[in-house]
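Here is how the chains run, residue by residue.
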Amino acid sequence: MIQTILALACVLQAPQGGDSAWKTYTSAAGFSALMPGPVNEQKQPPAKPGQAPGTMAIAKDGDTAYLVMKINNPTPIPAEKAEVYLQGVVNETGKAGRLISQKAIALAGHPGREFVAELKAPNGEPVVLTARFILTSPDVTFNMQVIWARSNQAPPAAVVNRFFDSLRPAVPAMANGGGGGRKLEFQPFAPPGGGFETVMPGQPKPTKIRAGSGPGAFTADTYECETVLGTYAVVVYQYQPHIGNAPPPVKAQMLARMCEAVASERKATVTQKDSGRLQGLPAHLAKYTFPIPGSTSPGVGEARAVMAGPRIYLLSVVGRQDMVDAAEQEKFFDAFKVTEAPRPSSPPIMTRRPPPGGAAAPVQGFRTPRAAWKRFETASGGFTVLMPGEAETKHEDEGILGAKEVELFEAEHGGYRYIVQYQDLPRTAFRRGNALVFRSARTSDEKIVKGKAVGEKTLRLRGATAGVSYQIESPGHDGDMARVRAYVAGSRLYQVIVAGPKDGFPVADSDRFFSSFHLKERN
């Protein structure tokens, strides 16, 4: 809005054009337009210190003024925020007067707005303003205006449209598939305690988050640089020590899901994915594309994840396809190095017998250490079980078939969850027998795992009136699965569950967990 007021003030001081001849005016600032002569070009003060000044070209034809402004945006406008930014310009102008009409437009694929408003010039004279705002890049907006006194005759619509349509911004040709010929200035970056080094296009500000509680809790440090030519980021996820000792298939699955989650946030299409090793550590990459509203160029992104002990490093570059430079992107990825050696929570386990008369040959990688199985019971739970570690107690406010709460006890080992949960059901839940209870439990489990239950069998357990076992598998080779045993004892439903990735599922440990579950005798 400030730019519009400045324009109105300059228009009042612009020389009278009379019957001026219309000619193509070319500015050294990087644009041309058909304008009546003579044209008065002025520099506009920058929006913030250190920024290049803007440019305003003004001319008059009779009592009507025509102007073109090249505005350097104070902060880059990402493509996904272009519509919000442009609508905000219209709304701010409307607050200073009366907005008559508006419509969305585009110039060579660049998003824009055209609107008509009644305003007051600085001298108090009512004027009519027809304007176009075009966002030609995240850091540049072009503003074209036609202004006349409300008491005067409006210029012909054909003349206004000819002026608007004549704008030709000098948008640099994209070199090597992106960047517009511009280059980022990378500098070394190695945050204290981050455990890595790389190069970043600027000095990122760190952000720390903490999520979850108990064995599943983790922290994350984010380092992000948002530039005109793409957003570069490194996220360091710090998990519990046992994550570093997970089986290789579990590690690979975690890294793949993390990369593809970045793409799913933008509802993107993954175009390439691959698993391998970086510096001898498990790694995964995913490339993806996504549409950008109002842009002829799609968005592109690449994410790479590396696991080092209990840490996962996620590197990400995202931007418009015609802006992200492939060579600069590779420079960022290639510079990344883990500087702290992974520290597993227990020594590596040898998987080969030592040859006669010789020492054992170490095997690369780590296997999941043996679980520290412990007897677990609660005062009100009415059961005992062996858990592979310390169990965490959780509480949920709603269960199935009208149950008011669910008590849950969970331990995690090797990337898998070992769970015992119970809920007290109302008598109405048993009107159709135990079959309805088991069916409702199975349906609830299917929603959680996002899969289908198979292989249901009847079980017997001392102290239980009925029991079933089944397995739930989500679609795809790399999905999750859960083995479940459910029992009804009185009005209480018990569920004993082992859940995690299908690949590498711990059958022996889950069998031990299930067989250790016993109901206590009630007094």
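Here, the structure is the one placed above.
Quick look at the structure, then. Values in this document were obtained by computation on a predicted structure and should not be read as measured data.

Thresholds applied
Residues numbered from 1 in each chain as written. Predicted model: local features only at pLDDT ≥ 70, side-chain atom pairs only at ≥ 80, totals over all residues. Heavy atoms only, no water. Buried < 20%, exposed > 50% of the residue type's maximum accessible area, 1.4 Å probe, protein only. Helix = DSSP H or I, 4+ residues; strand = E, 2+ residues; numbered from the N terminus. Pairing = 2+ DSSP bridges. Patch = residues over 30% accessible without salt bridge, like charges linked within 9 Å, V, L, I, M, F, W, Y side chains within 5 Å. Areas by Shrake-Rupley, 256 points an atom, 1.4 Å probe, with all protein chains shown as cover. Salt bridge = Lys/Arg side-chain N within 4 Å of Asp/Glu carboxyl O. Lys, Arg positive; Asp, Glu negative; His and termini not counted. Charge placed at Lys NZ, Arg CZ, Asp CG, Glu CD. Polar contact = N/O pair within 3.5 Å; in protein donor to acceptor, adjacent residues only side chain to side chain. Contact = heavy atoms within 4.5 Å. Axes fitted to C-alpha atoms, helices over the stretch in contact; angles between N-to-C directions. Core = buried A, V, L, I, M, F, W, Y, C linked by side-chain atoms within 4.5 Å. Phe/Tyr/Trp six-rings, centres within 6.5 Å; stacked < 30°, edge-to-face > 60°. Lys NZ or Arg CZ within 6 Å of the ring centre and 35° of its normal.

## Concerning the pairing of strand β22 (residues 383–387)
Side-chain direction in a regular strand flips from residue to residue, so the side chains alternate between the two faces of the sheet.
Point 1. Counting buried residues in β22 gives four out of five residues, a clear majority hidden from the surface.
Point 2. Of the pairings in the sheet, the one linking strand β21 (residues 374–377) to β22 comprises four bridges and is antiparallel in character. Bridge assignment links Phe 376 to a residue of β22, and that residue is Val 385.
Point 3. The turn linking β21 back onto β22 is made up of five residues, and Gly 382 within it adopts a positive phi angle of 75 degrees.
Point 4. Alignment of β22 against strand β30 (residues 518–519), held across two bridges, turns out to be antiparallel. Within β30, the residue paired with Thr 384 across the bridge is His 518.

## So, a negative patch on the surface
Point 1. A cluster of like negative charges, contributed by Glu 396, Asp 397, Glu 398 and Glu 405, occupies part of the molecular surface.
Point 2. With respect to the secondary-structure elements, Glu 396 resides in strand β23 (residues 392–396).
Point 3. Take Glu 396: its relative accessible area is 40%, and that puts it in the partly exposed class.

## Looking at the side chain of Asp 221
Point 1. The residue Asp 221 is located in strand β14 (residues 218–227) in this model.
Point 2. In terms of polar contacts, Asp 221 uses its side chain to reach the side chain of Lys 208, at 2.7 Å.
Point 3. Residues contacting Asp 221, with those up to four places away along its chain left out, are Thr 207, Lys 208, Val 234, Val 235 and Val 236.

## Describing the environment of Arg 375
Point 1. Within the element layout of this structure, Arg 375 appears in strand β21.
Point 2. Each C-alpha atom, one on Arg 375 and one on Ala 391, is 10.0 Å from the other, the two residues being 16 residues apart in sequence.

## Digging into the pairing of strand β28 (residues 480–489)
Point 1. Along β28, eight of the 10 residues are buried, which leaves the element largely enclosed by surrounding structure.
Point 2. Strand direction decides the pairing type here: strand β27 (residues 466–473) and β28, joined by eight bridges, are antiparallel. Bridging across to β28, Tyr 470 finds its partner in Val 484.
Point 3. Relative to strand β29 (residues 492–501), β28 runs antiparallel, the two sharing 10 bridges. Within β29, the position partnered with Val 484 by the bridge is Ile 497.
Point 4. Between β28 and β29, which pair antiparallel one after the other, the connecting turn spans two residues, and Gly 490 there sits at a positive phi close to 70 degrees.

## Here's the deal with the sheet that holds β23
Point 1. Taken in spatial order, the seven strands line up as β23-β24-β25-β29-β28-β27-β26 in an open sheet, and their pairing is antiparallel. Each end of this open sheet is capped by a strand with a single partner; those strands are β23 and β26 (452–459). Sheet twist, expressed as the average angle between the axes of neighbouring strands with direction ignored, equals 20 degrees.
Point 2. Lying on the sheet, helix α7 (residues 507–515) is in contact with β24 (406–413), β25 (416–424), β28 and β29; it crosses β29 at an angle near 165 degrees.

## Concerning unusual backbone geometry
It is generally the case that most residues other than glycine have a negative phi and that most peptide bonds are trans.
Point 1. The backbone of Lys 267 shows a phi angle near 50 degrees, a positive value even though the residue is not glycine.
Point 2. Along the chain, Lys 267 falls in the loop between α4 (248–265) and β16 (269–278).
Point 3. One non-glycine residue, Leu 401, lies in the positive phi region at around 55 degrees.
Point 4. By relative accessible area, Leu 401 is classed as partly exposed at 29%.

## Things to note about the nonpolar core
Point 1. Counting residues in hydrophobic clusters, the biggest one holds 27 residues, and the most contacted among them are Phe 383, Met 387, Phe 513 and Phe 517.
Point 2. Breaking this core down by element, the ones donating at least two residues are β22, β24, β25, β28, β29 and α7.
Point 3. If one sorts the elements of this core by residue count, β25 sits on top with four residues.
Point 4. When near neighbours in sequence (up to four residues on either side) are disregarded, Phe 517 contacts Phe 383, Thr 384, Val 385, Val 420, Leu 461, Tyr 487, Tyr 494 and Val 496.
Point 5. Of all hydrophobic cores here, the second largest spans 26 residues; its members include Met 200, Leu 229, Phe 336 and Val 338.

## Structural notes on the sheet that holds strand β12 (residues 196–200)
Point 1. Here three strands make up an open sheet; going across it, the order is β11-β12-β20 and the pairing antiparallel. Looking along the sheet, the strands with just one partner apiece sit at the ends: β11 (187–189) and β20 (337–338).

## Notes on the packing of aromatic side chains
The geometry of an aromatic ring pair comes down to the distance between the two centres and the angle between the two planes.
Point 1. This model, assessed by the stated rule, comprises 28 aromatic pairs.
Point 2. Between Tyr 422 and Tyr 494 the ring centres are 5.8 Å apart and the planes differ by 50 degrees, which places this aromatic pair in the tilted class. Here Tyr 422, found in strand β25, pairs with Tyr 494, found in strand β29; they are 72 residues apart in sequence, far enough to count as distant. Neither Tyr 422 nor Tyr 494 differs from the other in exposure class; each is buried.
Point 3. Through a chain of ring-to-ring contacts, three or more aromatic side chains come together here, namely Phe 376, Phe 383, Phe 409, Tyr 422, Tyr 487, Tyr 494 and Phe 517.
Point 4. The lysine or arginine in question, Arg 266, covers the ring of Phe 290, its NZ or CZ lying 5.6 Å from the ring centre.

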